[in-house]
Each structure stands twice: as structure tokens, then as C-alpha cells.
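Coordinates in review
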Amino acid sequence: EVSQAAGTKRAHPQFRLWLSTAPKEKFSPLLLQCCVKLTTEPPRGLRASMSHLYAFAVDSERYTSISPRQDVGIQYQRLIFSLAWLHSVLVERRKFKALGWVGTYAFSEMDFSTGSDLIVDFLDSLIDPASDLGPWTALRYLIGEITYGGRVTDAADRQLLALYCRDLFSPLMM
């Protein structure tokens with residue numbers, strides 16, 4: 001419809017239209033031929049992925065301004081590192097196709113951003129990280145089952161994600 005309308009009317013010379021789409025077989029070839037195409041690829045490798053997350057998705061001001069307590073800033077750094085590691089590992093597993101995940105999942109930087117917001121809320125509610133296990137279970141559930149797990153449909157993949165979260169988000173990480 002868009003390609004037919006574009007062929008019958010003249011657009012203003014400064015008119016620009018930005019389209020965002022996933023790869024589709026039925027996408028109009030005419031529209032593709034008359035457009036400038038941009039693609040974004042996730043960084044390759046754990047180091048590149050984590051560097052990208054730290055450069056673009058981590059708010060460095062939170063390191064120092066999250067709380068008047070000195071230990072909370074250090075806890076925030078450790079938990080953000082765990083989240084960046086989790087996100088990078090989940091994204092990297094895609095390249096192994098069926099050996100990495102049973103299903104195909106599109107994890108995004110928005111998942112990471114949501115997880116970092118959850119970490120801030122978690123640290124606000126945490127009194128003693130070593131003895132208070134209830135919030136850890138809640139954090140693992142919110143990150144593993146809701147934020148990232150909401151995309152995961154296979155039971156084996158969900159179990160693997162829960163295992164990652166159990167190891168990365170625990171009092172031992174503090």
C-alpha cells in the first residue's frame with residue numbers, strides 16, 4: 001500500500017520517512033529499491049557486547065549518586081556487571097543456533113535497561129545483602145523470569161536462564 005501510494009503522488013523534496021521492521025519475506029521490493037537502508041548489528045563477542053552496554057546503556061552517574069551509603073555504589077557496580085555479563089552471554093548464545101538456544105530470542109538493550117532499573121529498586125529495598133535472601137529471590141525472578149524470561153518459550157531455555165540468574169544474582173556476588 002505504501003509503495004503504491006508513493007508511486008502515484010509527488011512528495012515534498014524534504015520529506016523523510018523512517019521505517020523500522022524485522023526481516024519479512026513479503027516486504028515490498030519497490031520500497032526497498034528506492035530507500036536508503038540502515039542496519040544495526042549487535043557487537044560480536046562478550047567483551048565487545050559488555051563494552052557496548054557500558055558505553056551506551058549504563059548511567060555512570062548512578063555509580064556515585066545511588067545512595068549516601070558507600071557500599072551501595074560498590075554493590076551497584078557488581079550487580080550491573082552481573083547484568084551486563086548475563087545480557088552478553090544471552091545474546092552471544094544466539095550465534096550457536098540450536099546448540100545455544102532451542103528457540104530464537106531477540107534480547108535487546110531495553111531488557112538490559114529494565115534490568116538496571118530493577119537493580120536500583122532492589123538496592124533501595126535491601127538492608128543487609130548477606131543475610132536478606134528474600135529480595136534476592138525477587139530480583140532473580142524479575143530479571144530471569146519477567147525481563148528476559150518473558151521472551152523465552154522453551155522449558156530447557158527457561159531452566160538455563162534461571163541457572164544463570166541464580167549464579168549471577170546472589171549474596172555471594174557482593
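So, the environment of R94
- With respect to the element layout, R94 can be found in the loop between α5 (70–92) and α6 (109–125).
- R94 sits 12 residues away from A106 along the chain, and the two C-alpha atoms are 8.9 Å apart.

Quick look at a nonpolar patch on the surface
- Nonpolar side chains collect at one region of the surface, where F15, L17 and L19 lie side by side and expose about 330 Å² of accessible area between them.
- Following the sequence through the fold, F15 ends up in the loop between α1 (2–8) and α2 (29–33).

Looking at the pattern of salt bridges
- Here the structure, examined in full by the defined rule, presents three salt bridges.
- The partner of E145 in a salt bridge is R158, and the shortest N-O contact between them spans 3.1 Å. With E145 in helix α7 (residues 134–147) and R158 in helix α8 (residues 155–168), this pair connects stretches of sequence that are 13 residues apart.
- Overall, E145 belongs to the partly exposed group, its relative accessible area being 27%.
- The exposure class assigned to R158 is partly exposed, which follows from its relative accessible area of 30%.

Details of the side chain of R93
- With respect to the helices, strands and loops of the structure, R93 is situated in the loop between α5 and α6.
- Despite its burial, R93 pairs with no opposite charge, the nearest such side chain being D157 at 6.2 Å.
- The contacts of R93, once residues within four sequence positions are left out, are L99, G100, W101, L160 and Y164.

A word on the packing of aromatic side chains
- In this structure the tally under the stated criterion is six aromatic pairs.
- Here the aromatic rings of W101 and F107 are separated by 6.0 Å at their centres, their planes lie at 55 degrees, and the arrangement is tilted.
- On the basis of an interplanar angle of 45 degrees and a centroid distance of 6.1 Å, the ring pair of Y105 and F107 is categorised as tilted. Assigned by exposure class, Y105 and F107 land together as buried.
- One aromatic cluster is present, formed by W101, Y105, F107 and Y148 through successive ring pairs.
- If you follow R93 out to its NZ or CZ, it ends over the ring of W101, 5.4 Å from the centre.

A look at α8
- Here α8 is 14 residues long and its end C-alpha atoms lie 20 Å apart, about the 20 Å a rise of 1.5 Å per residue gives.
- Three or more residues of α8 are buried, namely D157, L161, C165 and L168. Seen from one end, α8 has its buried residues packed into an arc of 75 degrees, which puts them on one side. Along α8, the residues that are exposed and aim more than 90 degrees away from the buried face are A155 and Q159.
- The N-cap residue of α8 is D154: its side-chain oxygen and the backbone nitrogen of A156 are 3.0 Å apart.

Rules behind the numbers
Residues numbered from 1 in each chain as written. Predicted model: local features only at pLDDT ≥ 70, side-chain atom pairs only at ≥ 80, totals over all residues. Heavy atoms only, no water. Helix = DSSP H or I, 4+ residues; strand = E, 2+ residues; numbered from the N terminus. Patch = residues over 30% accessible without salt bridge, like charges linked within 9 Å, V, L, I, M, F, W, Y side chains within 5 Å. Areas by Shrake-Rupley, 256 points an atom, 1.4 Å probe, with all protein chains shown as cover. Salt bridge = Lys/Arg side-chain N within 4 Å of Asp/Glu carboxyl O. Buried < 20%, exposed > 50% of the residue type's maximum accessible area, 1.4 Å probe, protein only. Lys, Arg positive; Asp, Glu negative; His and termini not counted. Contact = heavy atoms within 4.5 Å. Phe/Tyr/Trp six-rings, centres within 6.5 Å; stacked < 30°, edge-to-face > 60°. Lys NZ or Arg CZ within 6 Å of the ring centre and 35° of its normal. Expected span 1.5 Å × (residues − 1). Arc of directions from axis to C-beta. Polar contact = N/O pair within 3.5 Å; in protein donor to acceptor, adjacent residues only side chain to side chain.

In short, geometric facts, not functional conclusions.
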